[in-house]
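Reading the structure
One-letter residues, chain by chain:
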Protein chains: 2
Amino acid sequence: MAVHVLAVLAYKDGEAVTSTLLASSVNTNAVVIRRLLPLLQAAGLIETTKGAGSGSHLRKKPERIRLDSIYRAVETDEPFTAHSKTPNQACPVGYCIQSALDKVFSSAECAMQEELAKTTLADILKIVKASCSGSDKKRK
Amino acid sequence: MAVHVLAVLAYKDGEAVTSTLLASSVNTNAVVIRRLLPLLQAAGLIETTKGAGSGSHLRKKPERIRLDSIYRAVETDEPFTAHSKTPNQACPVGYCIQSALDKVFSSAECAMQEELAKTTLADILKIVKASCSGSDKKRK
DNA sequence: ACAACTGTAACCTTGAGAGTTACATATAAA
DNA sequence: TTTATATGTAACTCTCAAGGTTACAGTTGT
């Protein structure tokens, strides 16, 4: 959803876009978007102004926004969910399985982020523009 | 949880282990384990017998079980959840953002699996054994 | 026969994420 | 300065997946 929002902002190229408009593209409620914007602001990806005729716009060029930074801006917890209950500490496996897996999982997540870093918002935008070059129906 | 179960089976080295015992190590209900076992069977990782005095044991050597195969055996859906509602198709971004992201996300997941593939169950087992070499308290 | 297992159905519980309503606040423009 | 247009945020509800639980049918060694 975050990538979608940023893609719209990139598409609009600097123009101030309201949360209502973003919500209509994502097909969700404006409040859901407004909950997302502060995260993207904190990551320095967008800038948002208040008041009439305002909205959000990108703070960096799409070429300089990599998908891993979007991932980190938005994603709070690990992709691998830990046990809800802690394993049986009296069992030798239960005792140290978590720390053993933590290392493996965090390096797996790093690998995933490195792969995400290979794509920029500009790459996404290019695909979007290429796709609608034939049938250009822009609305709202 | 699947890795935990397999690690216990590796630790017990061929011995038939009951779902009740596995559950006590993971600290969960035996039924949860029994729901997991068929997935590991289907992936050819374990073998389970029925009846009195039976249980599960590994079908391959721990050295030959890589974590990515465990991941695929257990994980059904993608780590990146798709939009619950489809985006606004009238918006050029909404129209093709999903297919654009699908490609990026699946290659990111591939990268993650390749990283997981670098670790085998034997590696996990080694950590476990090293960890409890000092304070060996084996129970149940 | 019986006890020790797995398999599975049918439920409840929990937590995260999204969706919704309502309202306070900020601000450009009339 | 007033008003329409925005964001920010609290306080819910909805939904769904994962785990947890109970109960019981089926299987097999002893």
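This structure is a prediction, so every number in the text was calculated from the model and none was measured.

Considerations on the relation of the copies chain A and chain B
In the superposition of chain A on chain B (RMSD 0.0 Å, axial shift 0.0 Å), the rotation amounts to 180°. Put plainly, the chains are arranged around a two-fold axis. For chain A, the smallest separation between a C-alpha atom and the rotation axis is recorded for Met 112 of chain A, amounting to 2.5 Å. Take the interface residues of chain A: 100% of them recur as interface residues in chain B, which is what a same-surface contact looks like.

Considering the protein's contact with DNA strand C
Surrounding DNA strand C, one finds 23 residues, the nearest of these being Thr 28, Val 31 and Arg 35 of chain A together with Ser 19 and Arg 34 of chain B. Backbone sugar and phosphate groups make up 54% of those atoms of DNA strand C lying within 4 Å of the protein. Ala 52 of chain A has a polar backbone atom sitting 3.4 Å from a base oxygen of DNA strand C. Contact between DNA strand C and Gly 51 of chain B: a sugar or linking oxygen at 3.2 Å from a main-chain N or O atom of the residue. Looking at the surface near DNA strand C, the elements with two or more residues in it are α3 (30-42) of chain A together with α3 (30-42) of chain B. A per-element tally of the surface near DNA strand C places α3 of chain B first, with 4 residues.

Quick look at the interface of chain A and chain B
Between chain A and chain B, the contact holds 45 residues from the first and 45 residues from the second. Carbon and sulfur atoms supply 73% of the area buried between chain A and chain B, which totals about 4,000 Å² over both sides. The interface formed by chain A and chain B holds 0 salt bridges in total. Where chain A meets chain B, there are 6 residue pairs in polar contact (both at pLDDT 80 or more). It is helix α5 (residues 92-116) of chain A that provides the largest number of residues to the side of chain A that touches chain B, a total of 16 residues. Considering only residue class, the side of chain A that touches chain B consists of 29 nonpolar, 11 polar and 5 charged.

Thresholds applied
- Residues numbered from 1 in each chain as written.
- Chains lettered and ligands numbered in written order.
- Predicted model: local features only at pLDDT ≥ 70, side-chain atom pairs only at ≥ 80, totals over all residues.
- Heavy atoms only, no water.
- Least-squares fit on C-alpha atoms with pLDDT ≥ 70 in both.
- Contact = heavy atoms within 4.5 Å.
- Near = heavy atom within 4 Å.
- Polar contact = N/O pair within 3.5 Å; in protein donor to acceptor, adjacent residues only side chain to side chain.
- Helix = DSSP H or I, 4+ residues; strand = E, 2+ residues; numbered from the N terminus.
- Buried area = accessible area lost by both parts, 1.4 Å probe.
- Salt bridge = Lys/Arg side-chain N within 4 Å of Asp/Glu carboxyl O.
- Nonpolar A, V, L, I, M, F, W, Y, C, P; charged D, E, K, R; others polar.

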